[in-house]
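Here's the letter readout for the chains.
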Amino acid sequence: MRPFALYAASCLVIVALLGAIGWSFTGPDGHRMMLVSAALAVVVQLVAFTVARFLQPRHLLLGWGLGSILRFVTLVVYALVVARLWRAPLAPALLSLTAFFFVTTIVEPVFLRNR
C-alpha cells in the first residue's frame, strides 16, 4: 500500500506543478479544461499503476503495456468528447493531459521497483 500512496502523492504534486506552469499560458476556458484534464490524468494514472502493480510479480511489462493502452485510449476518447460534445478549447485540454500523462508515467518505474 505504501508505494501506491507515494505514487498517488507524487502524481498530485506533479500534476499541480505542471498545471501551475500551464495556467499562465491559457485563458479562463483553458483553465477549466486543464482542471478537467488534471483530474482525469490522476484517476487514469492511479488505475494504470494499480494494474501494473497487480501484474508486477510475473508480468510487469504486460501491466505497463495495458496501462499505456489505457492512457492512449483515454486521450483519444477525451479528444473526441472535448471536440465534439463540449466544444471547448482543444489545445489546452489535450496538451495538459498529454503532459500530465507523460511526466507521471516517467516517474512510475521508481514506485514499481519498491515491492
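Report on the accompanying structure. Position labels on residues start from 1 in each chain and follow its written sequence. A pLDDT threshold of at least 70 governs which residues receive local features in this predicted model, and a stricter bar of 80 or more applies before side-chain atom pairs are shown or counted, although totals over entire chains, interfaces and linings include all residues. Only hydrogens and water are set aside; all other atoms, that is, all heavy atoms of the structure, feed into the side-chain values.

1. What to know about the overall build of the chain
So, step 1. Assigned secondary structure in the chain consists of three helices and zero strands.
So, step 2. The numbering of helices and of strands both runs from the N terminus, where a helix is a DSSP run of H or I of at least 4 residues and a strand a run of E of at least 2. Counting helices and strands in the order they occur from the N terminus, the chain gives α-α-α.
So, step 3. Here the C-alpha atoms of the chain give a radius of gyration of 15 Å, agreeing with the 13 Å that 2.2 N^0.38 yields for 115 residues.
So, step 4. Along the longest, intermediate and shortest principal axes, the C-alpha atoms of the chain span 45 × 25 × 15 Å.
So, step 5. A 1.4 Å probe rolled over the protein chains alone gives each residue an accessible area, and that area as a share of the maximum for its type sets the label: buried under 20%, exposed over 50%, partly exposed in between. A total of 115 residues make up the chain; the buried ones form 40% of that total.
So, step 6. Sequence separation of at least 24 residues holds for 72% of the intrachain contacts in the chain that already meet a minimum separation of 6.
So, step 7. Here the open area of atoms and residues is found with the Shrake-Rupley method and a 1.4 Å probe, where only the protein chains shown may cover a residue. When the accessible surface of the chain is split by element, carbon and sulfur atoms take 77% of a total near 6800 Å². The globule rule used here is 2.2 Å times the number of residues to the 0.38 power, and the radius of gyration it is set against is calculated over C-alpha atoms. In what follows, residue pairs with any heavy atoms lying within 4.5 Å of each other are defined as contacts.

2. Topic: the packing of aromatic side chains
So, step 1. Any Phe, Tyr or Trp ring, taking Trp's six-membered ring, that has another such ring centre within 6.5 Å forms a pair; planes under 30 degrees apart are called stacked, those over 60 apart edge-to-face, and the others tilted. Taken as a whole and assessed by the stated rule, the structure comprises three aromatic pairs.
So, step 2. Plain terms: the ring middles of Phe-4 and Phe-49 are 6.2 Å apart, the flat faces sit at 40° to each other, and that makes the pair tilted. Here the residue Phe-4 occupies a position in helix α1 (residues 2–23), and Phe-49 occupies one in helix α2 (residues 28–86), the gap between them amounting to 45 residues.
So, step 3. Taking the relative accessible area as the measure of exposure, Phe-4 reaches 28% and is therefore partly exposed.
So, step 4. For Phe-49, a relative accessible area of 0% puts it in the buried group.
So, step 5. Through a chain of ring-to-ring contacts, three or more aromatic side chains come together here, namely Phe-4, Tyr-7, Phe-49 and Phe-111.

3. Considerations on the nonpolar core
So, step 1. Counting residues in hydrophobic clusters, the biggest one holds 21 residues, and the most contacted among them are Tyr-7, Met-33, Tyr-78 and Val-82.
So, step 2. When residues of this core are traced back to their parent elements, those giving at least two are α1, α2 and α3 (90–113).
So, step 3. Take this core: its biggest share by element is 10 residues, from α2.
So, step 4. Not counting residues within four places of it along the chain, the set of residues in contact with Tyr-7 comprises Gln-45, Leu-46, Phe-49, Thr-104, Val-107, Glu-108 and Phe-111. Only buried residues count toward a nonpolar core, which is a set of Ala, Val, Leu, Ile, Met, Phe, Trp, Tyr and Cys residues joined through side-chain atoms within 4.5 Å.

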